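Structure at a glance
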Amino acid sequence: CSMRNNDLSKCLVSLFEGISPLFARECVDRSAGREITLEEITDDILDKLCDYIFSEREKLLSGNCNFTVLIDENRTLKDFSFTDIKQYGELMTSQDFATAGETLDKFYSERDNSNRLKQRSSDMIKFLTNTSERISRKLVLQREELKECDKKEELRLKGDLINANIWRLEKGQKTAVLENYYDDNKEIKITLDERLSPSQNAQKYYSEYRKSVNAEIKLAELIEKGEKELIYIESVLDNLMRSTTENEVLLLRQELAEQGYLRLRGGKQKPPKELPPIEFYSSDGFRILVGRNNKQNDK
């Protein structure tokens, strides 16, 4: 091969007519354990490379092929081959077929179906992703506000100390240094509104304390509600990403419409047919039903 300082797999593709980059990389992985350049080839690697290529040739000629489709962790069909593919390790799983025809039918039919589902559900994915991000941002702000409410007791303390020292204070003061009788009479500096009387300054701190107490209660409720909504939205998004049929997508769209998140298209529509739950059996023989959406899980 005249391609110097290049990947060995690319050289194999240029040398052998009709082999795929996937199989070329597999040849290199089986012989060298990683992608290498031509200059890195050793006699041992070359021997392993030739042995693997000739062994695969014999399988082809004898019809003893192991047709396989590669599937990633998102259950997306990524590629296919006439032999076992090991280069991805645990990053990919495989599904075996008896013939090349079955392999190609599976790969292209499911890929086309996957593309159709992505088109049908793209608006929902975008909506759910944006909604999840919006709720998360709001929760961050609410938690920061809730943290500020931790200072409420300091507001009440300042009101108490002003009331206890009204006889020492006068209208027009901007600050007051008072002994904190709750903490061994340590001095504490309190900011005053010079436009208000000492009594009014105390009431101002009490008012801010009550607002903080009420805000803390309200924020706790909002945060709890937001966290539950976030869990719900992310569960729907997870179900949507796992959907394998258009009917599952329609059922999730209907669920979101019933919850007030989306409006169904085109007025009255025939409700989608409800699919049965996914069924598994545990190692102890217990039957396990998994809903395809939240409504079915509740049922």
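Higher on the page you've got the structure.
Quick summary incoming for the structure in this document. Everything quoted here is computed from the prediction, not taken from an experiment. (Residues numbered from 1 in each chain as written. Predicted model: local features only at pLDDT ≥ 70, side-chain atom pairs only at ≥ 80, totals over all residues. Heavy atoms only, no water.)

Another point: the nonpolar core. Membership of the largest hydrophobic core comes to 16 residues, with the highest contact counts inside it found for M124, L128, V236, L240 and L256. Ranked by residue count, the leading element in this core is helix α6 (residues 198-242), at seven residues. Setting aside anything within four residues of it in sequence, one finds L240 in contact with S121, M124, I125, L128, V249 and L252. L161, Y205, Y206 and Y209 belong to the second largest nonpolar core, which has 14 residues in total. (Core = buried A, V, L, I, M, F, W, Y, C linked by side-chain atoms within 4.5 Å. Buried < 20%, exposed > 50% of the residue type's maximum accessible area, 1.4 Å probe, protein only. Helix = DSSP H or I, 4+ residues; strand = E, 2+ residues; numbered from the N terminus. Contact = heavy atoms within 4.5 Å.)

For the rest of this paragraph, the subject is the pattern of salt bridges. Taken as a whole and judged by the stated rule, the model has 17 salt bridges. With its nearest N and O atoms 3.3 Å apart, the salt bridge here joins K158 to E154. Remark: E154 and K158 occur in helix α5 (residues 152-164); sequence separation between them is four residues, near one turn of the helix. On the basis of relative accessibility, which here comes to 41%, the residue E154 falls in the partly exposed class. Connected through shared salt-bridge partners, D193, R195 and K204 make up one network. (Salt bridge = Lys/Arg side-chain N within 4 Å of Asp/Glu carboxyl O.)

As a further point, take the sheet that holds strand β2 (residues 77-81). Pairing is antiparallel in the open sheet, where three strands are placed in the order β2-β1-β3. With partners counted over all chains shown, the strands left at the sheet margins are β2 and β3 (93-97), one partner each. Strand-to-strand twist across the sheet, computed as the mean angle between neighbouring axes with direction ignored, equals 25°. Summarising the sheet, strand β1 (residues 67-71) and β2 pair through four bridges and their orientation is antiparallel. Its bridge partner being in β2, V69 is matched across the sheet by F80. Contacts between helix α4 (residues 100-148) and the sheet are confined to β1, β2 and β3, with β2 contributing the most and set at about 165° to the helix. (Pairing = 2+ DSSP bridges. Axes fitted to C-alpha atoms, helices over the stretch in contact; angles between N-to-C directions.)

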